[in-house]
Amino acid sequence: MTLPDREVIATRAGVSLGRYRASDFAAVHEYATDPMVYRYAEWGPNSAEQTRQYLLEASLPNSQALTLAVLVDEQVIGGAAVWSTDADHRCGELGYSLNRKFWGRGYATLATKMLLDLGFSSLDLHRITATCAPENSASRRVLEKAGFAYEGHLREHKLVSDRRRDSLLFARLATD
Ligand SMILES: CC(C)(COP(=O)(O)OP(=O)(O)OC[C@H]1O[C@@H](n2cnc3c(N)ncnc32)[C@H](O)[C@@H]1OP(=O)(O)O)[C@@H](O)C(=O)NCCC(=O)NCCS
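Residues numbered from 1 in each chain as written. Predicted model: local features only at pLDDT ≥ 70, side-chain atom pairs only at ≥ 80, totals over all residues.

**Q** Explain the nonpolar core here, please?
**A** Soluble globular proteins tend to pack their nonpolar side chains together in the buried interior. In terms of nonpolar packing, the biggest core is built from 40 residues, with Val70, Tyr107, Ala111 and Leu115 touching the most fellow members. Per element, the largest residue contribution to this core is nine residues, and it comes from helix α4 (residues 107-121). The residues contacting valine 70, other than those within four sequence positions of it, are Val15, Leu17, Ile77, Gly78, Gly79, Ala80, Leu98, Tyr107 and Ala111. (Core = buried A, V, L, I, M, F, W, Y, C linked by C-beta atoms within 7 Å. Buried ≥ 20, exposed ≤ 12 C-beta atoms within 10 Å, placed from the backbone. Helix = DSSP H or I, 4+ residues; strand = E, 2+ residues; numbered from the N terminus. Contact = placed C-beta atoms within 7 Å.)

**Q** Looking at this model, I keep getting lost on the site of the ligand. Mind explaining?
**A** As a structural note, the neighbourhood of the ligand is formed by 20 residues, with Ala108, Thr109, Ser137, Ala138 and Arg141 the closest of them. Of all the elements in the fold, those that place two or more residues in the shell around the ligand are β6 (91-98), α4 and α5 (137-145). Counting residues per element, the shell around the ligand draws most heavily on α5, which supplies five residues. A breakdown of the residues in the shell around the ligand according to their chemical character gives 10 nonpolar, eight polar and two charged. (Near = placed C-beta within 6 Å. Nonpolar A, V, L, I, M, F, W, Y, C, P; charged D, E, K, R; others polar.)

**Q** Explain the packing of helix α1 (residues 25-32) against helix α3 (residues 48-59) here, please?
**A** Each packed pair of helices is defined by two parameters, the angle between the axes and the distance between the axes. Running from amino to carboxyl end, α1 crosses α3 at an angle of 120°, the nearest separation of the two axes being 10 Å. As far as their axial angle goes, α3 and α1 are oblique. Seen from above, α1 lies across α3 with right-handed handedness. For the pair α1 and α3, contact is made by Phe25, Val28, His29 and Ala32 and by Ala48, Thr51, Arg52, Tyr54 and Leu55, respectively. Residue classes in the contact of α1 with α3 are distributed as six nonpolar, two polar and one charged. (Axes fitted to C-alpha atoms, helices over the stretch in contact; angles between N-to-C directions. Parallel < 35°, antiparallel > 145°, perpendicular 65-115°, else oblique. Left-handed = near helix turned anticlockwise from the far one by under 90°.)

**Q** Just checking my understanding: could you explain α4 for this structure?
**A** The periodicity of an α-helix, 3.6 residues per turn, causes residues three or four places apart in sequence to face the same way. With 15 residues, α4 should cover 21 Å at 1.5 Å per step; its first-to-last C-alpha distance of 21 Å lies within 8% of that length. Judged by how many residues are buried, α4 sits mostly within the fold: 11 of 15 residues are covered. Within the sequence span of α4, burial applies to Tyr107, Ala108, Leu110, Ala111, Thr112, Met114, Leu115, Leu116, Leu118, Gly119 and Phe120. (Expected span 1.5 Å × (residues − 1).)

**Q** Whenever I open this one, α1 confuses me. Can you help?
**A** Restricting attention to buried positions, one finds in α1 the residues Val28, Tyr31 and Ala32. The buried residues of α1 all sit within an arc of 100° when viewed along its axis, so they share a single face. Along its buried surface, α1 packs onto α2 (35-38), α3, β5 (75-86) and β6. (Arc of directions from axis to C-beta.)

**Q** How should I be thinking about the environment of aspartate 176 in this particular structure?
**A** One can find aspartate 176 in the segment after β9 (163-173). The class for aspartate 176 is exposed, based on 12 C-beta atoms found within 10 Å. As for aspartate 176 and glutamate 7, which are separated by 169 residues in sequence, their C-alpha atoms are 29 Å apart.

Spelled out as structure tokens, the structure:
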């Protein structure tokens, strides 16, 4: 499927994952500079240059990663990615962020289910993990709704705003 000037990779219940365009800058920069969106992330707030670089890297051919826009009614409402972390063992990871205007409507769960399908099919992964901060209840819920299994508590796993933070580890297998 192709929207005007945009390659759409997957669609489910009105939510699509598609390739970014350079003209998505404003939509991406809006959520990438929102403290509510990056508060648990190891990135953010993005400078304009960082958002441009993200869009550029997302558009480069990459057989080990898919970095995609989350779209509703042809509007970019967030970003989502699945990538290989260990090709020999067919392991990968996924992540997502949405503009907060669109939270609470099930969109991240739909995007995550599509990312899983793409990771298992297009990237040929067997195991896909995701982590979230213990206090990020919305993200934890997204992973549970997408069928991930909780695998453990990673102590001081990430450096976020110069502080070491714990993460919860979740995984789904191609055979689940
Ligand atoms: C995490 C995020 C992507 C969720 O997006 P979303 O589209 O609102 O997610 P969904 O609507 O699919 O599901 C959210 C679920 O979390 C629940 N939820 C939301 N806030 C919650 C809270 N504070 N406590 C408990 N549950 C909560 C919702 O009720 C919903 O569950 P339900 O369907 O059982 O009612 C969004 O909040 C976001 O972009 N956050 C900032 C970036 C981020 O944290 N990314 C993930 C990094 S690991």
